[in-house]
Amino acid sequence: MIREQLKRLITQAILDAQSVGDLPAFELPAFTLDHPRQAQMGDYAASVAMQLARVARMPPPQIAQRIAKHLALGNLATYELASAYINLRLTPEYLTTQVDAILNAGEGWGNITIGAGQRVQVEHGSANPTGPLTVASGRNVVIGDTLANVLTAAGYAVHREWYVNNAGNQIRHFGASVYARYAQCLGVDEPFPEDGYRGEYITDIAKRMIEREGDRYLKLPKDEARRALGKLGIDDVMENVRTSLGRVGIYYDNFFSERSLYESGLFERVLPILRDKGLLLEHDGALWFSEDGSPIADTGTPIADLDHETKSKVDNQKSKIVQAVVIRSPKVIPDPTERPTYLASDIAYVWNKLVERGFNRAIYVWGEDHQGDVPRLMAVTRALGLDPDRVVLIIYRFITLMRNGQEVRMGKRAGNIVTLDDVVDEVGADATRYVLLSRSIDTKLVFDLDDVKRRAEDNPVFYPQYAHARICSILRKAAEQGSLSPASPITPAPPLPSSHAYAHPSELALIRKLLEIEEVVEQVATQLQPHHLTTYAQSLATTFNAFYRDCHVLGEAPEVTAARLKLARAAKLTLARTLALMGMSAPERM
RNA sequence: GCCCCAAUGGCGCAGUGGAUAGCGCGUUUGGUUGCGGACCAAAAGGUCGGGAGUUCGAAUCUCUCUUGGGGCACCA
């Protein structure tokens, strides 16, 4: 990356200055290279001279001068001193060579290597398999999928996983609900369970069961029938979920069964690790996890677990001491063959991720309702002797869906859900993904269906796609005129003769913007904030449109047209890559 | 009560400890005898919620207060 190259050159200049005595000896602190606010100040600005004032015991401008004196930038960039700032400007010659570099990189353009092949798992989605994929889960899967795309581009070996919560109370209620509808559809007067799922899709599932299996479950003992139909129901739901995910371009490497944590005996193998450390406590017939092994008071009333202590002011959430969380209790789950509690699964699952499968990092994408579980998972991870830094929790805020100026209320139990399919039907997959990505995960997102549809003309959702289609149109026209072989829209052309270096400010601005994609990939991969992609896509399209306005491509002198066609192709490639990272299509026409 | 998140032009939001805080929508005024007007330009619009602190330098870090959202069950 260019920024890293420039940083290395500055570091070298400081070392050189020190070795000849222009600067005194000191340990070089970490420093940054920023983009100056004003373009006229250059492409990058180093404020390192100010940082060094104390250790070098010199006025910052003088330090800047002495660093600059040793700066060996070659033809990469030029520098200017502005007080203590060292401003660097990439040269047109260098920028010109980068257009070829972009086209040569092809589909790999924008990829960086910071991941160094580390194995990272992104677990996302993982909604209870008790109903269709809702638009609320849409934010989860789109965030997770996009991060997975970007981490892949950043050089990580990424594994995409959906955790199927096919155990526990909710599943029991679900099974009972399917059974009730099943019986009712077959004319049996079966009461609907109180904690049941009231959505109509349950009846649909029941009908499909009848079609496939007939009435044979009526002949089984109720408990057995409920369990069996629950299992089949989950399969049915998950199949539909997969179809819905496919419509927004989301695929998984694995669907991981929660139940398998018990069926494989893993849970019973991992639990002794905690027991041996004295972190498991029996109390009132239940089994508890207590991170510091502190005894549980016999209060006679249900123990409110989280009397946390603050271990560190820096990161409360992650380092909280968790004193008591129940792992197994007959009051919660009476059936000893069923999964004990949610935490029990988390214990086995994190072990499975980090030890059995050996991922370097396990990223969990969780909605804000799971925020309270963060300390528990971190505590369990520590207790198992695993490095908590290998567990990364991404907590995103929920979305509010608006239609006709009103908030659409949703609840899976009550059955008034808006599915992701509904939204995709209404506004399309690309717009759905774009909107869900467009805000920081830390802020709540208002998804106004009417907004996205109504203003299809001046809608920011389609702006980058429009720019892409516009480039395609130019390239098509060029092909008709014989300026470009239509068969090879992105194969590299021969390098430009140096006399045709790009010189127009709008050309150079566009190249600079194209090069930024690597920084965006790095930023998203390190901050795990996918909305930077939408910001970049907008500004990339804007920069291209300025080029389009100022620099005519076709009908200029042959060398100029050839050079600008190359630049247009590089812009098309960069737009397409950005859209692909967001999981959006790059249309040739709109 | 404890914990997490948010507060930035009229509205919606970006912003990596660095220079004159940006973008979209909206508003106003303009733009193509040429490649897609789903485009572009200009203008108006800001005490970055209040206060204190750290720092050469704070929208950004710390503390505190205010307001709003979420989480704090032997639920998931």
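Nothing here was measured: the structure is a model prediction, and the numbers come from that model.

Enquirer: Requested: an account of the overall build of chain A, with residues and values cited.
Expert: Regarding its fold elements, chain A presents 21 helices and 15 strands. By principal-axis analysis of the C-alpha atoms, chain A measures approximately 85 × 65 × 40 Å. Looking at the 590 residues of chain A, the share that counts as buried comes to 52%. Of the contacts formed within chain A by residues at least 6 apart in sequence, a portion of 74% connects residues at least 24 apart. Working note: accessible area of chain A is about 26,400 Å², and carbon and sulfur atoms make up 50% of it. Placing the 66 positive and 72 negative side-chain charges of chain A at their respective mean positions leaves the two points 2 Å apart.

Enquirer: Go over the nonpolar core with me, naming the residues and quoting the values.
Expert: Soluble globular proteins: nonpolar side chains tend toward being buried together. Leu6, Ile10, Ile67, Leu88, Leu151, Trp162 and Phe447 are the most contacted members of the largest nonpolar core, which totals 140 residues. Element by element, the count of residues in this core is highest for helix α21 (residues 558-582), at 11 residues. When residues no more than four places from it in sequence are discounted, the contact partners of isoleucine 67 are Ile10, Ala13, Ile14, Leu23, Val48, Leu52 and Ile86. Of all hydrophobic cores here, the second largest spans 37 residues; its members include Val270, Leu343, Ala344 and Leu393.

Enquirer: Pulling in residues and values, what's your account of helix α17 (residues 463-480)?
Expert: One turn of an α-helix holds 3.6 residues; hence residues three or four places apart share an orientation. Its 18 residues give α17 an end-to-end C-alpha distance of 26 Å, which sits within 8% of 26 Å, the value for a rise of 1.5 Å per residue. Among the residues of α17, those classed as buried are Pro464, Gln465, Ala467, His468, Ala469, Ile471, Cys472, Ile474, Leu475 and Ala478. Tucked inside the fold, the buried residues of α17 contact α15 (429-437), α20 (531-550) and α21. Once α17 finishes, glycine 482 follows within two positions and takes phi at roughly 80 degrees, a positive value.

Enquirer: Break down the sheet that holds strand β4 (residues 85-90) for me, with residues and values.
Expert: If you trace the four strands from one edge of the open sheet to the other, you get β1-β2-β4-β3, paired in antiparallel fashion. The open sheet has two free edges, formed respectively by β1 (33-34) and β3 (77-82), since each of these has just one partner strand.

Enquirer: Explain the protein's contact with RNA strand B to me, and be specific about the residues and the numbers.
Expert: Around RNA strand B, a shell composed of 74 residues is seen, among which Arg54, Tyr85, Ser329, Tyr463 and Tyr548 lie nearest. Put simply, 63% of the atoms of RNA strand B that lie within 4 Å of the protein are in sugar or phosphate. Serine 473 is positioned with one of its side-chain polar atoms (N or O) 2.6 Å from a phosphate oxygen of RNA strand B. Side-chain polar atom of lysine 477 to a phosphate oxygen of RNA strand B: 3.2 Å apart, as the coordinates give it. Looking at the surface near RNA strand B, the elements that each hand over two or more residues are α2 (48-56), β4, α6 (169-185), β9 (286-289), α11 (316-319), α17 and α20. Looking at which element gives the most residues to the surface near RNA strand B, the answer is α17, with seven residues. Looking at the surface near RNA strand B residue by residue, the class counts come to 26 nonpolar, 23 polar and 25 charged.

Enquirer: So what's going on with the side chain of lysine 572? Residues and values would help.
Expert: Mapped onto the secondary structure, lysine 572 falls in helix α21. For lysine 572, the residues in contact, after removing those within four places along its chain, are His468, Ile471, Cys472, Leu475 and Glu588.

Enquirer: Describe α21, and please don't skip the residues or the numbers.
Expert: Helix length check: α21 (25 residues) gives 36 Å between terminal C-alpha atoms against 36 Å at 1.5 Å per residue, within 8%. Counting buried residues along α21, 19 of its 25 residues qualify, which places the element largely inside the surrounding structure.

The rules we used
Residues numbered from 1 in each chain as written. Chains lettered and ligands numbered in written order. Predicted model: local features only at pLDDT ≥ 70, side-chain atom pairs only at ≥ 80, totals over all residues. Heavy atoms only, no water. Helix = DSSP H or I, 4+ residues; strand = E, 2+ residues; numbered from the N terminus. Buried < 20%, exposed > 50% of the residue type's maximum accessible area, 1.4 Å probe, protein only. Contact = heavy atoms within 4.5 Å. Areas by Shrake-Rupley, 256 points an atom, 1.4 Å probe, with all protein chains shown as cover. Lys, Arg positive; Asp, Glu negative; His and termini not counted. Charge placed at Lys NZ, Arg CZ, Asp CG, Glu CD. Core = buried A, V, L, I, M, F, W, Y, C linked by side-chain atoms within 4.5 Å. Expected span 1.5 Å × (residues − 1). Pairing = 2+ DSSP bridges. Near = heavy atom within 4 Å. Polar contact = N/O pair within 3.5 Å; in protein donor to acceptor, adjacent residues only side chain to side chain. Nonpolar A, V, L, I, M, F, W, Y, C, P; charged D, E, K, R; others polar.

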